[in-house]
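Letter by letter, the chains look like this.
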Amino acid sequence: MLQLVYISSVARAADLASILAVSRINNRRDGISGLLYSDGVRFLQALEGPTLAVETAYARIKQDPRHNALVILSRREVATREFGDWAMAERRVGEEGDQFCARIDRLLANTGPNVRATFDSFIKLRRAA
Ligand SMILES: Cc1cc2nc3c(=O)[nH]c(=O)nc-3n(C[C@H](O)[C@H](O)[C@H](O)COP(=O)(O)O)c2cc1C
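Being a predicted model, the structure only gives us computed values, none of them experimental. (Residues numbered from 1 in each chain as written. Predicted model: local features only at pLDDT ≥ 70, side-chain atom pairs only at ≥ 80, totals over all residues. Heavy atoms only, no water.)

(A) Quick peek at the environment of Ala14. Relative to the elements of secondary structure, Ala14 occurs in the loop between β1 (2–10) and α1 (16–30). Considering only alpha carbons, one finds Ala14 and Arg66, 52 residues apart in sequence, at a separation of 6.0 Å. For Ala14, the residues in contact, after removing those within four places along its chain, are Ile19, Phe43 and Arg66. (Helix = DSSP H or I, 4+ residues; strand = E, 2+ residues; numbered from the N terminus. Contact = heavy atoms within 4.5 Å.)

As structure tokens, then:
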């Protein structure tokens with residue numbers, strides 16, 4: 001199974017709800033799970049599932065004009081899913097920064113140390129900005 005993590009820049013005010021709606025349908029169909037995080041400036045996404053399915057989804061996502069400057073941070077084979085269900089991490093209205101970080105920590109509980117560190121540092125950095 002392939003796990004891919006990339007970061008990108010938000011190109012224009014992207015409607016996260018519509019990205020998520022399409023992703024949920026497609027990813028369920030294709031056996032892909034993962035996590036999509038956005039702070040409005042960057043996207044950080046992990047995709048995992050059958051290698052061909054992840055490569056195909058990434059090829060589609062890469063062409064999406066709602067973001068640009070995609071950089072793959074990690075590409076590795078994993079024996080089991082580390083992200084569990086497909087999830088989108090977005091800071092909810094009224095949610096404290098600490099609550100948000102705690103929620104992300106739960107989502108990342110089973111990921112490998114490098115991937116967890118990538119998400120952790122990105123999220124804490126953005127929070128501090
Ligand atoms: C940041 C970002 C993340 C995305 N993540 C996914 C995803 O995980 N799965 C997916 O199918 N599409 C994702 N998309 C949408 C794809 O780029 C594309 O619009 C969609 O897959 C097209 O699906 P359709 O052919 O069923 O309309 C994402 C788009 C963006 C901008």
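(B) The arrangement of helix α2 (residues 51–62) in detail. The end-to-end C-alpha separation of α2 is 16 Å, in line with the 16 Å expected for twelve residues at 1.5 Å each. All of the buried residues in α2 are Ala53, Val54, Ala57, Tyr58 and Ile61. Down the axis of α2, the sector holding all buried residues measures 130°, keeping them to one side. Among the structural elements, β1, α1, β3 (42–49) and β4 (67–77) are those in contact with the buried residues of α2. (Expected span 1.5 Å × (residues − 1). Buried < 20%, exposed > 50% of the residue type's maximum accessible area, 1.4 Å probe, protein only. Arc of directions from axis to C-beta.)

(C) Representation of the site of the ligand in the model. Around the ligand, the surrounding shell holds 15 residues, and the nearest of these are Ser23, Asn26, Asn27, Arg60 and Asp64. Burial of the ligand by the surrounding chains reaches 78%, relative to a free accessible area of 620 Å². With respect to the detected pockets, the ligand is housed in the largest pocket. Within the residue set of the shell around the ligand, elements represented by two or more residues are α1, β3 and α2. With five residues, α1 is the single largest residue contributor to the shell around the ligand. (Near = heavy atom within 4 Å. Areas by Shrake-Rupley, 256 points an atom, 1.4 Å probe, with all protein chains shown as cover. 1 Å grid on protein atoms, 1.4 Å probe; cavity = no way out; pocket = protein on both sides within 12 Å on 5 of 7 lines; lining within 4 Å. Sits in = over half its atoms within 2 Å of the grid points.)

(D) Representation of the environment of Glu55. Position of Glu55 relative to the elements: it lies in helix α2. Each C-alpha atom, one on Glu55 and one on Leu4, is 8.7 Å from the other, the two residues being 51 residues apart in sequence.

(E) Quick look at helix α3 (residues 97–107). Here α3 has its buried residues at Gly97, Phe100, Cys101, Arg103 and Ile104. Buried residues of α3, viewed axially, fall in a sector of 160°; they line one side. Of the residues in α3, the exposed ones pointing more than 90 degrees away from the buried face are Asp98 and Arg106.

(F) Local environment of the layout of surface pockets. Computed from the structure, the largest pocket encloses a volume of approximately 320 Å³. Around the largest pocket sit 17 residues that line it, and Ile19, Ser23, Ile61, Asp64 and Arg66 are the ones nearest its centre. Counting only elements with at least two residues in the lining of the largest pocket, the list comes to α1, β3 and α2. In terms of residues, the lining of the largest pocket owes the most to one element, α1, which gives six residues. (Points joined across faces, edges and corners; volume = space filled by probe spheres on them.)

(G) Broad picture of the confidence of the model for the protein chain. The predicted model of the protein chain has a mean per-residue pLDDT of 86, with 90% of residues at 70 or higher. Per-element confidence in the protein chain ranges from a low mean pLDDT of 64 for strand β5 (residues 87–89) to a high of 98 for α2. (pLDDT = per-residue confidence, 0-100.)

(H) Representation of the side chain of His67 within the structure. Along the polypeptide, His67 turns up in strand β4. Residue classification places His67 among the buried positions, given a relative accessible area of 8%. Here the side chain of His67 touches Ser8 through a polar contact of 2.9 Å, side chain to side chain. If near-sequence neighbours (up to four positions away) are discounted, His67 is found in contact with Tyr6, Ser8, Ser9, Val10, Ala11, Phe43 and Ile61. (Polar contact = N/O pair within 3.5 Å; in protein donor to acceptor, adjacent residues only side chain to side chain.)

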